[in-house]
Amino acid sequence: MIKHGVSVLKKLKKLFVFAFTLFFVSCQSLPPDEQSSVKAIDLLDNKSTFYLSIPKKVDEDLVTRIIRSNVEQLTDSDIKSLAERVNHLYIGISRSNYKNVLQASIESDIPVKYVPRLLSSKNGWSKTTFNPVNSKNQYEIYSQNKLNVSFPSGNVLVLGRDVPGMLSVYDIIRNSSEEEGQDGYFSSLNKEIYDWINGSKEEIRFYTVQPSTYLHVLLGNNLNLQLLSVWGKFRDNPRSKDSYLLDLTFNFKNEAYKKASRTILLIAFGLSNGDATSENPTQLEISDIELSKKQLYKILGL
């Protein structure tokens, strides 16, 4: 379980480190015309199988630890300044050739005018210009070691899989009025996934449409429970500042599979019967699974 988890989370950590390195170039605020009203979450596509939403304020210590372990020669005040520049991270993960492929869209405060100097050919980066179809706008894409990055505005950073696709969506939304979307909804994500991830304000949320893979990572063994999806959240534990409480919802193919799997899941998580609720005939909710923050930090290699 830990080996597979480390593979995913190390890649997430690299995304953080890259962004933090950029933020450290300057603490100068951006002029208003470099800001955008486009939502970072709207730029994720529907090709991932696991979606993750991380608000910085949920666990600033987690962000601080990631910076400290990866960016050397920084003072505590420098690290604090870097962490303050990230607001929200949205990630989509998919599998290709037995490898995890990540797509990320980050809400942040980025000194865009310093980007060309930092991501220069001297520093090993190449730059191309992308022009979305039927658009007069152009966007710069920086590439290094198969990593593509772009900064469509001062408060949005996109990187990972299909950056041109994310920029195309950004351009469409940028040039559209709210009335052209469905109640301001422009995303290609399934509405249920979008609403769940977008509602992440006070906790870390996730949603997976490949439950068997998720359970293998979480429990360390394969459970064929005939699931359609699983979603959940890590929230503050009022009884302890050193741990999270994990809430999970399992969405089964039918009611019979749910009944057959209830006991299996409770045993797997070491919970009692009272910890599972079932208001929906095909869904099972298991709440208050305590997870030490140190356990999460250990998986992250911090």
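Residues numbered from 1 in each chain as written. Predicted model: local features only at pLDDT ≥ 70, side-chain atom pairs only at ≥ 80, totals over all residues. Heavy atoms only, no water.

With that out of the way, let us pick up the overall build of the protein. From N to C terminus, the protein includes nine helices and 12 strands. Within the protein, buried positions represent 48% of all 302 residues. For the protein, the proportion of contacts with a sequence separation of at least 24, taken over those separated by at least 6, is 64%. Here the protein displays about 15700 Å² of accessible surface, and carbon together with sulfur accounts for 48% of that area. (Helix = DSSP H or I, 4+ residues; strand = E, 2+ residues; numbered from the N terminus. Buried < 20%, exposed > 50% of the residue type's maximum accessible area, 1.4 Å probe, protein only. Contact = heavy atoms within 4.5 Å. Areas by Shrake-Rupley, 256 points an atom, 1.4 Å probe, with all protein chains shown as cover.)

Okay, unusual backbone geometry next. A positive phi angle, close to 60 degrees, is found at Asn134, a residue other than glycine. Inspection of the secondary structure puts Asn134 in the loop between β4 (126-130) and β5 (139-144). Exposure remark for Asn134: the relative accessible area of 85% places this residue in the exposed category. With a phi angle near 60 degrees, Asp288 is a residue other than glycine that sits in the positive phi range. As for its position among the elements, Asp288 is in strand β12 (residues 283-292). We classify Asp288 as partly exposed; its relative accessible area is 37%.

With that settled, the discussion passes to the pairing of strand β6 (residues 147-153). Note on strand geometry: in a regular strand, side chains alternate between the two faces of the sheet. For β6, the tally of buried residues reaches five of seven residues, placing the bulk of the element in the interior. Of the strand pairs in this sheet, β5 and β6 are connected by four bridges, and their pairing is antiparallel. Opposite Ser143, over in β6, you have Asn148 as the bridge partner. In this structure, the hairpin formed by β5 and β6 is closed by a connection of two residues, where Asn145 is found at a positive phi of approximately 50 degrees. Linkage of β6 to strand β7 (residues 156-160), two consecutive antiparallel strands, is achieved through a turn of two residues. (Pairing = 2+ DSSP bridges.)

Below, the discussion takes up the confidence of the model for the protein. Taken as a whole, the protein shows an average pLDDT of 79; of its residues, 74% reach a score of 70 or greater. Considering only residues more than four positions removed or in separate chains, one finds that residues 25-33, a stretch of pLDDT under 50, has 18 contacts. (pLDDT = per-residue confidence, 0-100.)

Here the focus is the environment of Asp247. Residue position: Asp247 is located in strand β10 (residues 240-252). According to the relative accessible area criterion, Asp247 is buried, its value standing at 14%. Taking the C-alpha atoms as reference, Asp247 lies 6.7 Å from Phe234; in sequence the two are 13 residues apart. For Asp247, the side chain forms a polar contact with the side chain of Arg235, separated by 2.4 Å. Reaching out from Asp247, the side chain makes a polar contact with the backbone nitrogen of Asp288 at a distance of 3.0 Å. (Polar contact = N/O pair within 3.5 Å; in protein donor to acceptor, adjacent residues only side chain to side chain.)

Judged by nonpolar contacts, the single largest core of 39 residues is most densely connected at Phe151, Phe206, Leu248, Phe250, Leu265 and Ile286. Element by element, the count of residues in this core is highest for β10, at five residues. Residues Ala40, Tyr90, Tyr185 and Ile193 belong to the second largest nonpolar core, which totals 13 residues. (Core = buried A, V, L, I, M, F, W, Y, C linked by side-chain atoms within 4.5 Å.)

Another point: the pairing of β10. Of all 13 residues making up β10, 10 are buried, and the element is well covered by its neighbours. The pairing of strand β9 (residues 227-237) with β10 spans 10 bridges and is antiparallel. Along β10, the bridge assignment pairs Trp231 with Thr249. Between β9 and β10, which pair antiparallel in sequence order, lie two residues.

Here the focus is helix α5 (residues 163-174). Three- or four-residue spacings in an α-helix give side chains the same orientation, since the helix completes a turn every 3.6 residues. End to end, α5 covers 16 Å across 12 residues, agreeing with the expected 16 Å (1.5 Å per residue, within 8%). Regarding α5, the residues found buried are Val163, Met166, Leu167, Tyr170, Asp171 and Ile173. Taken around the axis of α5, the buried residues stretch over an arc of 165 degrees, which confines them to a single face. In the core, the buried residues of α5 are packed alongside β3 (99-108), β4, β5, β6 and β7. Between the side-chain oxygen at the start of α5 and the backbone nitrogen of Gly165 there is a gap of 3.0 Å, and the oxygen is on Asp162. (Expected span 1.5 Å × (residues − 1). Arc of directions from axis to C-beta.)

Residue position: Ser135 is located in the loop between β4 and β5. One polar contact links the side chain of Ser135 to the main-chain amide nitrogen of Asn137, over a distance of 3.1 Å. Side chain to side chain, Ser135 and Asp171 meet in a polar contact 2.7 Å long.

This part is about the pattern of salt bridges. Within this structure, the stated rule accounts for eight salt bridges. With a closest N to O distance of 2.6 Å, Arg161 and Asp45 form a salt bridge. Residue Arg161 is found in the loop between β7 and α5, and its partner Asp45 is found in the loop between α1 (2-23) and β1 (50-55); the two are separated by 116 residues along the sequence. One exposure class covers both Arg161 and Asp45, and it is buried. With a closest N to O distance of 3.4 Å, Lys127 and Glu140 form a salt bridge. Placement of the pair is Lys127 in strand β4 and Glu140 in strand β5, with a sequence separation of 13 residues. (Salt bridge = Lys/Arg side-chain N within 4 Å of Asp/Glu carboxyl O.)

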